[in-house]
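Residue-level structure breakdown
Spelled out from the first residue to the last, the chains are:
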Amino acid sequence: MARLIDAGPGCPTPTPLRAKSAAEARGLEYDDAVKAATDVLYPLVSYFITPMEWPAVAPLVAEINKIKKAKNAVILAHNYMTPDIFRLVGDFRGDSLQLAREAAEVDADIIIQAGVHFMAETSKILAPSKTVLISSMEAGCSLASSITGEDVRLIKERYPDYPVVTYVNTTADVKAECHITCTSSNAAQVVEAVAVEWNTDTVILVPDQYLAKNVAAQTGIRIITWPGACEVHELFSKDDVQALREAHPGVMILAHPECPPDVLEAADFAGSTAALANYVRDEQPAKVVLLTECSMSDNVATDNPGVDFVRPCNLCPHMKQITLENILDCLINMEYEVTIDEDVRVRAKAAIDAMLDLPKMETPLSFNVGVKPMEIEVISRH
Ligand code: SF4
């Protein structure tokens with residue numbers, strides 16, 4: 001079961017001790033120049049960082065923004081970053097698809113991926129001439145590590161007649177072996193498109209078994225999947241939804257499609273990271289809970305001051321490897337650089353391009369809620 005907490009700030013970061021010691025250790029002070037450069041930024045995070053904490057955070061923010069400019073670098077900040085990173089140093093913000101598109105088009109020499117490693121790989125695939133850096137090599141992903149390129153080759157041997165779709169939450173090696181990628185915003189669209197293209201009633205969608213089950217329920221297409229899962233979203237359960245409804249009568253419950261299908265069955269709305277943010281922006285529910293990563297609620301809350309957020313505090317341990325401190329070190333030391341074998345990159349890009357070539361959706365697709373979960377075939381490694 002997920003860890004549920006009451007309304008109010010979710011998992012507040014940074015702490016005064018951590019930020020203060022980090023700034024001091026780098027010889028950075030909250031002086032007049034830093035104050036002048038950052039005063040305008042504080043209102044963006046005043047809900048999460050107290051005035052007492054701010055002098056310890058501001059010098060890091062000012063230094064990062066100064067070096068970024070000097071080196072013509074940009075920071076791509078995923079929605080699951082803590083608000084200090086997302087709001088104060090991120091140049092482009094969004095879900096993995098939005099960030100991948102920015103990476104392809106951005107006019108910069110250096111991309112710092114404030115996200116996890118597969119996202120940095122995706123940036124490198126789409127922007128091979130740019131230097132792509134990630135500030136922690138520990139920023140992995142349970143989905144990306146659940147499957148290898150060799151696994152996909154074996155799947156294709158076993159099922160040669162079916163197209164293989166991979167969720168973008170995979171390594172470049174895996175993307176290189178698949179026919180097309182998808183995101184949670186367009187998974188149903190991609191599966192329907194390849195079923196038509198291949199003239200088949202069966203599509204293989206890896207590695208997230210829950211996303212695959214939710215797409216199967218959405219499309220009616222027979223889907224074969226892989227036993228991978230997001231370690232954050234798989235913690236949510238139907239019992240959590242029930243407990244939230246009892247504790248907060250009238251609350252609107254929004255779920256990400258990496259959650260198990262019975263969670264979507266019980267939720268009020270389901271969709272990708274972008275779809276959840278759009279729903280809150282457009283509908284302005286009085287009280288809402290986002291069944292997704294904890295920092296997402298923090299970041300959406302800032303844009304919607306009139307909405308009361310109940311916060312399930314499930315943090316992604318991989319996303320939380322990225323901090324203001326190591327972003328600064330990354331910019332100074334130019335590490336860790338993400339590189340990909342050119343043959344793998346070209347084949348992985350073909351799978352991403354196949355997705356980007358589909359008609360662009362105006363808004364991310366939502367998933368049906370209230371639908372009975374259906375069992376689908378899950379491939380065994382053996
Ligand atoms: S939230 Fe889940 S899918 Fe996203 S990086 Fe963390 S483990 Fe991977």
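Definitions and limits used
- Residues numbered from 1 in each chain as written.
- Predicted model: local features only at pLDDT ≥ 70, side-chain atom pairs only at ≥ 80, totals over all residues.
- Helix = DSSP H or I, 4+ residues; strand = E, 2+ residues; numbered from the N terminus.
- Rg over C-alpha atoms; globule rule 2.2 N^0.38 Å.
- Contact = placed C-beta atoms within 7 Å.
- Buried ≥ 20, exposed ≤ 12 C-beta atoms within 10 Å, placed from the backbone.
- Pairing = 2+ DSSP bridges.
- Right-handed = clockwise from strand over helix to strand, strands pointing away.
- Near = placed C-beta within 6 Å.
- Nonpolar A, V, L, I, M, F, W, Y, C, P; charged D, E, K, R; others polar.
- Core = buried A, V, L, I, M, F, W, Y, C linked by C-beta atoms within 7 Å.
- Axes fitted to C-alpha atoms, helices over the stretch in contact; angles between N-to-C directions.
- Parallel < 35°, antiparallel > 145°, perpendicular 65-115°, else oblique.
- Left-handed = near helix turned anticlockwise from the far one by under 90°.
- Domains from an automatic or database assignment.
- Expected span 1.5 Å × (residues − 1).

**Brief notes about the overall build of the chain**
Scanning the chain from terminus to terminus reveals 16 helices and 15 strands. Computed over C-alpha atoms, the radius of gyration of the chain comes to 21 Å, within 12% of the 21 Å expected from 2.2 N^0.38 for 382 residues, which places it in the range of a compact globule. Based on the C-alpha atoms only, the size of the chain along its principal axes is roughly 65 × 55 × 35 Å. Long-range pairs, those at least 24 residues apart, make up 70% of the contacts in the chain between residues at least 6 apart in sequence.

**Things to note about the pairing of strand β2 (residues 73-78)**
Within β2, six of the six residues are buried, which leaves the element mostly enclosed by the surrounding structure. Residues Ala73, Ile75 and Ala77 line one face of β2 and the alternating positions Val74, Leu76 and His78 line the opposite face, and both faces are buried. Taken together, the five bridges between β2 and strand β4 (residues 110-114) define a ladder with parallel strand orientation. Within β4, the residue paired with Leu76 across the bridge is Gln113. Pairing between β2 and strand β3 (residues 92-94): three bridges, direction parallel. What sits directly across from Leu76, in β3, is Phe92. You can see the chain leave β2, run along helix α4 (residues 83-88) and come back into β3, and the turn it takes is right-handed.

**Examining the site of the ligand**
Taken together, Val116, Cys141, Ser142, Leu143, Asn169, Cys230, Glu231, Val232, Glu293, Cys316, His318 and Met319 make up the full set of residues near the ligand. Residues belonging to the shell around the ligand are distributed by class as follows: seven nonpolar, three polar and two charged.

**Some remarks on the nonpolar core**
Grouped together as the largest cluster of nonpolar side chains are 126 residues, with contacts concentrated most on Ile85, Val165, Val191, Leu254, Ala267, Leu291 and Ile327. Of the residues forming this core, the biggest block, eight residues, is contributed by helix α3 (residues 54-71). When neighbours within four sequence positions are excluded, Val165 is seen to be in contact with Cys178, His179, Ile180, Cys182, Val190, Val191, Val194, Val203, Ile204 and Leu205.

**Remarks on the packing of helix α9 (residues 187-197) against helix α10 (residues 209-219)**
The contact between α9 and α10 brings their axes to 10 Å, and the two run at 65°. If you check the angle between α9 and α10, you find them roughly perpendicular. In the packing of α9 onto α10, the handedness of the crossing is right-handed. For the pair α9 and α10, the contacting residues are Ala187, Ala188, Val191 and Glu192 in the first and Leu211, Val215, Gln218 and Thr219 in the second.

**Some words on the domain arrangement of the chain**
If you check the domain split of the chain, you get domain 1 (15-140 + 319-333), domain 2 (144-228) and domain 3 (233-312). Between the C-alpha centres of domain 1 and domain 2 there is a distance of 33 Å. Those elements that provide at least two residues to the side of domain 1 that touches domain 2 are α5 (96-105) and α6 (117-126). In terms of residues, the side of domain 1 that touches domain 2 owes the most to one element, α6, which gives four residues.

**A closer look at the sheet that holds strand β7 (residues 180-182)**
Here five strands make up an open sheet; going across it, the order is β7-β6-β8-β9-β15 and the pairing parallel. Looking along the sheet, the strands with just one partner apiece sit at the ends: β7 and β15 (377-378). Inspection of the sheet shows strand β8 (residues 202-206) paired to strand β9 (residues 222-225) by four bridges, in the parallel sense. Paired with Thr202 across the two strands is Arg222, which belongs to β9.

**Structural notes on the sheet that holds β4**
Note on sheets: strands pair through backbone hydrogen bonds, and any given pair is parallel or antiparallel. Within the open sheet, the four strands sit side by side as β3-β2-β4-β5. Their pairing is parallel. Because the sheet does not close on itself, it has two edges, and the strands there are β3 and β5 (131-133). Neighbouring strand axes in the sheet, compared pairwise and without regard to direction, differ in orientation by 20° on average. The strands touched by α5 within the sheet are β2, β3 and β4, with β2 carrying the most contacts at an inclination of about 165°. Here helix α15 (residues 324-333) sits on the sheet and contacts β2, β4 and β5; the angle it forms with β4, its principal contact strand, is near 160°.

**Observations concerning the environment of Thr363**
Note on placement: Thr363 falls in the loop between α16 (342-356) and β14 (366-367). The class of Thr363 is exposed, set by 11 C-beta atoms lying within 10 Å. Measuring from C-alpha to C-alpha, the distance between Thr363 and Gly306 comes to 23 Å, with 57 residues separating the pair along the chain.

**Remarks on the packing of α5 against α6**
It is the contact of α5 with α6, at a shortest axis distance of 8 Å, that shows an interaxial angle of 35°. In this structure, α5 crosses over α6, and the sense of that crossing is right-handed. Residues Ser96, Leu99, Ala100, Ala103 and Ala104 of α5 form the contact with α6, whose own contacting residues are Met119, Thr122, Ser123 and Leu126. Across the contact of α5 with α6, the residue classes tally to six nonpolar, three polar and no charged.

**With respect to α3**
Compared with an ideal rise of 1.5 Å per residue, which puts 18 residues at 26 Å, α3 spans 26 Å between its outermost C-alpha atoms and is within 8% of the ideal. Turning to α3, its buried residues number three or more, namely Trp54, Ala56, Val57, Ala58, Pro59, Leu60, Val61, Ala62, Glu63 and Ile64.

**Regarding unusual backbone geometry**
Cis geometry marks the peptide bond from Val206 to Pro207, where omega comes out at -5°. Along the polypeptide, Pro207 turns up in the loop between β8 and α10. For the bond from Glu335 to Tyr336, the omega torsion is 15°, close enough to zero to count as cis. Within the chain, Asn199 stands out as a residue other than glycine whose phi angle is a positive 50°. Its location among the elements puts Asn199 in the loop between α9 and β8. Residue classification places Asn199 among the exposed positions, given that 7 C-beta atoms sit within 10 Å. You will see that Met334, though not glycine, has its phi angle at about 55°, which is positive. Looking at the element boundaries, Met334 is found in the loop between α15 and α16.

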